[in-house]
Amino acid sequence: MNSVALKIAIAAMLGFVLGASAASAQGPAAELVISPAQINVRAESSRKFFARLTSGAEAKVEWRVNGVRGGNSTWGTIDKDGMFTAPEVPPINNAVKVEAVAGRVSGAAFVTLLNPVPSIAALEPKTLTYGEHEIVVRGNGFVAGSEIKIGNATVPTKFVSSKQLSASVKAAPVAGSTLAIAVFNPEPGSALSRPVPAIVESAHPKLSYLAAGRFLEQASWGPSAESIAHLQDIGIDAWLAEQFAARATLYKSSSSAAENLIDEQSEFFVHAVTGRDQLRQRVAFALGQVFVVSGLKTGQPRQMVPYQNMLLEDAFGTYTKLLRDVTLSPTMGVYLDMVNDDKGDPTLGTSPNENYAREMMQLFSIGTVGLNADGTETGKATYGQDTITDMARALTGWTYPGKAITQGHNPENFDGPMIAVEANHDEGRKTIAGGVLIPAKQSAEQDLEGVLHTLSTHPNTAPFVSLRLIQHLVTSDPSPEYLRRVSEVFTSSGGDLKAVVRQILLDPEARRGDDSPSESQAKAGHWREPVLAVVAMMRALGANVRADNRLERFPTNLGQRVFYPPSVFNDYSPDYRTPNGLLAPEFELLSSGTALMRANVVRNLVEKGLNGDAPCDLAPFVALAASPGDMVDAIDQALLYGRLPGSVKEQIVAAVTATHDYNLRARNAVYLVATSALYQVQH
Amino acid sequence: MSLITRRTLLRMTARSLGALGASACLGRLSRVYAASTAEVDYKALVCIFLYGGNDGNNLIVPIKTDAQSYDDYQKVRGATLGLQQKTLGLVHARSGKEVYGLHPQLGDLGGIYEQGKLAFVANVGTLTRPITKHEYQQGNAVPVNLFSHSDQQKQWQMVSMPGAPHNGWAGRAADVLAALNAPSTFPIGISVSGNSLFLSGDQPQASIINGQLGLDGSDGSPAENARDAAFQQILKFDSGMALIQKVNRVTTDALDAARQLNSALSMGSPLKTEFPASGVGEQLQQVARIIHVRKNLGVNRQIFYVSFGDFDTHSDAMSRQNALLGELSAAMSAFYNATAEMGIERQVVTFTESEFGRTLQPSSGAGSDHAWGSHHMVMGAAVKGGDLHGSFPILALQGPEDVTGRGVWLPSISLEQYGATLAAWFGVADNSLAKVFPNLANFTPRKLAFL
């Protein structure tokens, strides 16, 4: 080419470039309308743009992104038809301009590029044992700033690719045994993936989760995630050894004579929810429903505290020691009138008070009807009025602890056992229970020893006491064989309560149902008494109990007021049967009122944390709420150890899907499981 | 127990209504009930159980009767248990021929007695057939575990029927009369004191706690409606486990009763009669409120159970009984006034029960021990009031009625006669009384004269 042609060509090129600039500088941009005019587009997704002339005619345009024809991999590409595809990763400056050019007219749209919405396809591993682990999260839409969330917590995350992340996770026991794993993408366009559940479990469980849950329902105030993990870790024998060795959580001693046990009631709940001596507390609580004193008559801290502490300390001792400590407790002495109960005075026309003598036999040892070791009745009465009168005489002469005196009475003092004043003791001969003769001229202590020995070794006592402990811990209506096995341990061990409790818990009848729910017998279990129902929920849901709580109000409304049973017959009777003949002591508290009130208590727990006294963190469930099925599964684990029937689960899932508020989903699902009789009847 | 004001109760019921969605069908139902209910046919029994064993010897004291006087009483009761004569409220009985003194705290009830609307029934106790003192000493037909609280409380509430050992006599009476309330499905038996053995029967009883029967209210949102619907669905799941099924049945019945009661109460206007703020006062106020809306419930017969205590005064008896009888008198008289306000004082009978009386002779500790026959009160305008019914025991140790030497009275009236009189008035036909009281045929007369 000669130089003239080259000059023309260059001029033409320049003219083209200049002409184009001139055209864009001069031409009205509004003549070419791009739609959409403004839009967010997530990474790797596509959006079609349309260009029209204001006259309405289609335009044949050239598409550009940030001035580059067809775009590029940094800012996104756009094809000749206007289909824009966002880049894999939004650039730092994530606002890009999509332009359509037709000759001298052009139009633009503004696009904000956003991170993708992450999604998880798989977790490795899917179940996590307690402890630290590397987990790998596979899925789509991950970016360099993606963070793995475990529940509400974020963990340092390693970006491997848009399809893989990994992190180090510390798996600890959590209510529901399920961690919600999600991925959070940062701005621009931050988004959280749907959660995927990761089961957390024991590495080398000595027993199954279901077995551990059932056992702890019987042997503690109710399982918590931590207590199940610990039990699975060490096994039942080691757990029992720990519990038998654990020191009692005692009430703070008090010399107060105010008729008010509010502090002690608060302590009760703190101890129950957080104390380590769970089995001891549970057994002491059961014993307190047999050897009853009530705040309605002995409602001063200086009275109630020593008595409750005595039950805690004697819970793993022998029955005889317990019976002795109860008999000589000044608090019991006031409650059933044995303190300062002197021998009869013919001139004054008084006789010894029969209250303690009667209840000691009727309620604390042998009962009114003869019993075989398996609890079946012999058909003979155990004692008559004459026996009561003579027992009352045998128990005369005890006064408050204090100075050793030879006559009269000591002033009120509730620290330590009562002491004898021989001048007040009836030294005549007596015929006590079992036809046992107490000779004349014995001291008060000797007579007491005779009474204690007789009652401890009476054939009724083993089944009588064993039945009550079984009813409180395991089941309302044990089979005669179960009761006999426990009675025999009572007898052969000399009334060793540790041995009795061990047999109760390890007996095959108690353990039936550990392997599968279908094994449970039709009549098994017992309705959780009000205190147990409230405390068990608090433990299962990880509630934080306030030291100054007034939690006793809740079981009180359900018929059980802590420290204040209505009479020496407790809040309910061991031989209560329903009109249909079902032996179910706690059902004495089941009425149309309490059945509905129980649901109201559950509702207060999930909505208000029992008026703020025991806030429950439902976060582990809220974190799963985007997938209601997974959330209900976790709640099932926490409360029923996996036994929630499929149809009930479906009903709950359908009900909670009525809202998109995840907190509400969690609350309502917990409510529906916890109010169901499947939970309220421990089985 | 906190004071439940009228406003509190209505507020609670209004909130409950939303969740239960009762209002839509209520209009229809109340029209049906109005057609079948005749005001004149309504009757209610109200049992007040004094648990622990009230010392009837200090409820009503002979001052001057044919057989004895105040001195006989005072001689045995002495300083620790004897009420001073000048503190007693004097009343006449036996056509004015005898004078008795009422416990100083019974002032209000003494007034109702003088109006002829309250009667005392003397020496009532558990018996399966009449026995003599001699037979007692032989052990013939003596009630089993006569001095045991739990056994005797059960007997007073249940009057054990062979073949139906877990039903209460009021529950059995309710079963006999169930047809009188048709087509209403609301329970005849209502306890304001938790579950009662008294009302146990084939029909369920309703029980009310702290003035509330029902689930806490709903805000009517889709989420709460779905939750409440699921709650009811889950009640139907058959687990095959007896205890679970029982809880579900009771809860289902409870929801049904709650629905009916709360909508009935929300339609009532408040009663004007003031009630005292004691436990028994609040319970009787609750009873009055429910009676007040009987037409909305569509019922012709209701039996209520109220209870309080602790009357088991083994020690410190005087001051403890003083406090309790003061509460009882104020509450019962307010209740009578409420029935008068409603114009149905002839249609409501209130009566006391207690598992036993107490020994005339004191025991150490300024109290007394468990005994047997005791005196009770029956109140209502239909009662042959202003009189003492039955045979008053001779207040002497080793006296003709004393079976143990400590002043334990062989009853002159059996619990079954007492109950049959109440049940017959209530509507149980003579030939159905045996379904309620198994041993009634052993006694004469089967029905007493106080109603």
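Just so it is clear, the model here is predicted, and its values are computed rather than measured.

What follows is about the overall build of chain A. Scanning chain A from terminus to terminus reveals 23 helices and 29 strands. Taken over C-alpha atoms, the radius of gyration comes to 38 Å for chain A, far larger than the 26 Å a tight globule of 683 residues would show. By principal-axis analysis of the C-alpha atoms, chain A measures approximately 150 × 50 × 45 Å. Relative to its 683 residues, chain A shows a buried fraction of 57%. Long-range pairs, those at least 24 residues apart, make up 66% of the contacts in chain A between residues at least 6 apart in sequence. As presented, chain A carries roughly 27,000 Å² of accessible surface, and 54% of it is formed by carbon and sulfur atoms. In chain A, 59 side chains carry a positive charge and 69 a negative one; their mean positions are 9 Å apart.

With that settled, consider the nonpolar core. Membership of the largest hydrophobic core comes to 254 residues, with the highest contact counts inside it found for A:Phe364, A:Met538 and A:Phe621. It is helix H9 (residues 242-267) of chain B that provides the largest number of residues to this core, a total of 11 residues.

A separate point is empty space enclosed by the protein. All names here are of chain A. A complete count under the given rule lists 12 cavities of 30 Å³ or more for this structure. Phe268, Phe285, Gly288, Gln308 and Phe563 are, among the 24 residues lining the largest cavity, the residues nearest its centre. Mapped by element, the contributors of at least two residues to the lining of the largest cavity are helix H4 (262-274), helix H5 (278-288) and helix H6 (301-314). A per-class count over the lining of the largest cavity returns 14 nonpolar, eight polar and two charged.

Listed by partner, the interface residues are 68 residues for chain A and 63 residues for chain B. For the pair chain A and chain B, the summed buried surface comes to about 5,200 Å²; carbon and sulfur atoms form 62% of the total. Together, A:Ser592, A:Leu596 and A:Arg603 form the three largest contributors to the area buried by chain A at its contact with chain B, with a combined 12%. For the pair chain A and chain B, the number of links is three salt bridges. The interface formed by chain A and chain B includes 16 residue pairs in polar contact (both at pLDDT 80 or more). Elements that contribute at least two residues to the side of chain A that touches chain B include exactly helix H9 (355-362), strand E28 (526-527), helix H18 (592-608), helix H21 (646-656), helix H22 (662-675) and helix H23 (677-680) of chain A. Among the elements that make up the side of chain A that touches chain B, the one with the highest residue count is H18(A) (10 residues).

All names here are of chain A. Spatially, four strands are ordered E3-E9-E8-E7 in an open sheet, and the strand pairing comes out antiparallel. The open sheet terminates on both sides in strands that have one partner only, identified here as strand E3 (46-48) and strand E7 (71-72). With two bridges connecting them, E7 and strand E8 (residues 76-78) associate as antiparallel partners. Within the sheet, the bridge partner assigned to Asn72 lies in E8 and is Gly76.

Under the definition given, this model contains 37 salt bridges over all chains. Here B:Glu135 ties to B:Arg129 by a salt bridge, and the two come within 3.1 Å at their closest N and O atoms. Residue B:Glu135 is classed as buried on the basis of its relative accessible area of 18%. One network of salt bridges, with partners in common, ties together A:Arg603, A:Glu607, B:Glu224, B:Arg227 and B:Asp228.

Attention now moves to the packing of aromatic side chains. Enumeration over the complete set of coordinates arrives at 32 aromatic pairs over all chains. Ring geometry for A:Phe49 and A:Trp63: centres 6.5 Å apart, planes at 50 degrees, overall tilted. Note that A:Phe49 is positioned in the loop between E3 and strand E4 (50-53) and A:Trp63 in strand E5 (residues 62-65), a separation of 14 residues in sequence. Ring pairs connect the aromatic residues B:Phe49, B:Trp156, B:Trp169, B:Phe198, B:Tyr305, B:Phe351, B:Tyr418, B:Phe437 and B:Phe450, which therefore count as one cluster. The cationic tip of B:Arg227 hangs over the ring face of A:Tyr671; the distance from NZ or CZ to the ring centre is 5.0 Å. In this arrangement the basic side chain of B:Arg301 is found over the ring face of B:Phe426, its NZ or CZ atom lying 5.7 Å from the centre.

With that settled, the discussion passes to the confidence of the model for chain A. Summing up the model confidence of chain A, the mean pLDDT is 93 and the portion of residues at 70 or higher is 96%. Per-residue pLDDT stays below 50 along residues 15-27 of chain A; that stretch engages in eight contacts with residues further than four places along the chain or on separate chains.

Another point: the layout of surface pockets. Residues and elements named next belong to chain A. One number sums up the size of the second largest pocket: a volume of about 690 Å³. For the second largest pocket, the lining is made up of 30 residues, of which Ser224, Glu226, Ser227, Val273 and Arg539 are closest to its centre. Ranked by residues supplied to the lining of the second largest pocket, first place goes to helix H3 (residues 225-245) with seven residues.

Our next topic: the sheet that holds strand E2 (residues 60-64) of chain B. Residue and element names in this part refer to chain B. Reading across the sheet, the three strands line up as E2-E4-E3 and stay open at both edges, with antiparallel pairing between neighbours. Where the open sheet ends on each side, the last strands, each with one partner, are E2 and strand E3 (89-93). Recorded for the sheet is a direction-independent mean angle of 35 degrees between the axes of neighbouring strands. Sheet topology note: the E3/strand E4 (residues 98-102) ladder contains five bridges and is antiparallel. Counterpart to Ala93 in the pairing with E4 is Glu98. Lying over the sheet, helix H4 (residues 107-114) contacts E3 and E4, oriented at roughly 25 degrees with respect to E3.

Next up on the list: the confidence of the model for chain B. Detailed reading of the predicted model is not advised wherever pLDDT is low. Residues and elements named next belong to chain B. Per-residue confidence for chain B gives a mean pLDDT of 88; residues scoring 70 or more make up 90%. The low-confidence segment residues 1-39 (pLDDT under 50) makes 63 contacts with residues lying over four places distant or belonging to another chain. For this predicted complex, the interface confidence comes out at an ipTM of 0.88, alongside a pTM of 0.83.

Relative to the assigned elements, B:Gly82 resides in the loop between helix H3 (70-81) and E3. Excluding anything up to four places from it in sequence, B:Gly82 contacts B:Tyr73, B:Gln74, B:Arg77 and B:Met318.

Calculation notes
- Per chain, the residues get numbers from 1 upward, laid out in the order the sequence is written.
- Lettering for chains starts from A, numbering for ligands starts from 1, and both go in the order in which the items are written.
- Only residues with pLDDT of at least 70 are given local features in this predicted model, and only at 80 or more are side-chain atom pairs given and counted; all residues enter the totals for whole chains, interfaces and linings.
- With hydrogens and water excluded, all non-hydrogen atoms of the structure serve as input to the side-chain values.
- For the purposes of this entry, the term helix denotes a DSSP run of H or I that reaches at least four residues, the term strand denotes a run of E that reaches at least two, and both are numbered from the N terminus.
- The globule rule used here is 2.2 Å times the number of residues to the 0.38 power, and the radius of gyration it is set against is calculated over C-alpha atoms.
- Buried, partly exposed and exposed residues are distinguished by accessible area as a fraction of the type maximum, computed with a 1.4 Å probe on protein chains only: under 20%, between the cut-offs, and over 50%, respectively.
- Should any heavy atoms of two residues lie within 4.5 Å, those residues are counted as being in contact.
- Accessible surface is estimated by sampling points in the Shrake-Rupley manner with a 1.4 Å probe; for residues, cover comes only from the protein chains shown.
- We count Lys and Arg on the positive side and Asp and Glu on the negative side, and we leave His and both chain ends out.
- By convention, charge coordinates are those of NZ in Lys, CZ in Arg, CG in Asp, or CD in Glu.
- For this analysis, a nonpolar core means a set of buried residues of the types Ala, Val, Leu, Ile, Met, Phe, Trp, Tyr and Cys, connected via side-chain atoms within 4.5 Å.
- In this analysis, the protein atoms alone were mapped onto a 1 Å grid. Cavities are point sets where a 1.4 Å probe fits without being able to get out; pockets are open sets with protein on both sides within 12 Å along at least five of seven lines; lining residues have an atom within 4 Å of a point.
- Grid points are joined across faces, edges and corners, and a volume is the space filled by probe spheres set on the points.
- Under the scheme applied, nonpolar residues are Ala, Val, Leu, Ile, Met, Phe, Trp, Tyr, Cys and Pro; charged residues are Asp, Glu, Lys and Arg; polar residues are all the others, including Gly.
- Take the accessible area each of two parts loses on contact, using a 1.4 Å probe, and add the two losses: that sum is the buried area.
- Here a salt bridge means any side-chain nitrogen of Lys or Arg lying within 4 Å of a carboxyl oxygen belonging to Asp or Glu.
- For this analysis, a polar contact is any N or O atom pair within 3.5 Å, provided that within protein one partner can donate a hydrogen and the other can accept it, and provided that sequence-adjacent residues contribute only side-chain to side-chain pairs.
- Between any two strands, pairing holds if DSSP finds at least two bridges.
- Each pair of aromatic rings taken from Phe, Tyr and Trp, with Trp reduced to its six-membered ring, is defined by centres within 6.5 Å and is described as stacked if the planes are under 30 degrees apart, edge-to-face if over 60, and tilted in the remaining cases.
- The rule is short: NZ of Lys or CZ of Arg within 6 Å of the ring centre and within 35 degrees of the ring normal puts a charge over the ring.
- Each residue carries a pLDDT value, the predictor's own confidence for that position, ranging from 0 to 100.
- Note on geometry: axes are C-alpha line fits, over the in-contact stretch for helices, and angles between N-to-C directions span 0 to 180 degrees.

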